[in-house]
Amino acid sequence: MLLPAALLALGLTGCASILNDQTQQVNVSSSTGTEIKGTIDGQAFKAPGIVDLKRENKNKIIMTETEGCAQQTVAEKTVDPKFFINILSGGAFGSTTDYSTEKMWKYSDNIVVSCRK
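These numbers come from a predicted model, not from an experiment. (Residues numbered from 1 in each chain as written. Predicted model: local features only at pLDDT ≥ 70, side-chain atom pairs only at ≥ 80, totals over all residues. Heavy atoms only, no water.)

### Considering the packing of aromatic side chains
Going through the model one piece at a time under the given rule, you end up with 0 aromatic pairs. Directly above the aromatic system of Trp105 lies the positively charged group of Lys77, at a separation of 4.5 Å from the ring centroid. (Phe/Tyr/Trp six-rings, centres within 6.5 Å; stacked < 30°, edge-to-face > 60°. Lys NZ or Arg CZ within 6 Å of the ring centre and 35° of its normal.)

Put into structure tokens, the structure is as follows:
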């Protein structure tokens, strides 16, 4: 009796919603290896370093204020492969959960801001 209930609960929840946090850690660096400063979603950061990005159904714009570096760099959203576990297992409810919590989205693990030497 416990196994069917556990399977039902898993089918009604999203795999990405279970396995992913609301944020994703990404490594931000410059193409020259120099330190850069900027903002992502209004959150200040220094790079090279790890930045927490909130998973959302939108691309992130990295704004930099460091001279000689691109003022804007786009971190494009993609669908996290964990989301497709729901599709393969027939979990329409789980897929809807992943979409509604926005945990199905992923950004590149490494984002490089273009700078000149």
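### As for the nonpolar core
Membership of the largest hydrophobic core comes to 15 residues, with the highest contact counts inside it found for Val28 and Phe45. Broken down by secondary-structure element, the contributors of at least two residues to this core are β1 (23-30), β2 (36-40), β3 (43-47), β4 (49-54) and β9 (110-113). With residues up to four places along the chain from it excluded, the contact list for Phe45 reads Val28, Ile36, Lys37, Gly38, Thr39, Ile40, Val51, Ile62, Met63 and Thr64. (Core = buried A, V, L, I, M, F, W, Y, C linked by side-chain atoms within 4.5 Å. Buried < 20%, exposed > 50% of the residue type's maximum accessible area, 1.4 Å probe, protein only. Helix = DSSP H or I, 4+ residues; strand = E, 2+ residues; numbered from the N terminus. Contact = heavy atoms within 4.5 Å.)

### Quick notes on the pattern of salt bridges
Two side chains bearing opposite charge may form a pair once their charged atoms approach each other closely. Considering all chains together, one arrives at 5 salt bridges under this definition. For Asp80, the salt bridge goes to Arg55, with nearest N and O atoms at 3.8 Å. Of the two residues, Asp80 is situated in the loop between β7 (78-79) and α3 (83-88) and Arg55 in the loop between β4 and β5 (60-64); the sequence distance between them amounts to 25 residues. What makes Asp80 buried here is its relative accessible area of 5%. Take Arg55: its relative accessible area is 7%, and that puts it in the buried class. Of the charged contacts in the structure, one is a salt bridge between Lys58 and Glu56, with a shortest N-O distance of 4.0 Å. (Salt bridge = Lys/Arg side-chain N within 4 Å of Asp/Glu carboxyl O.)

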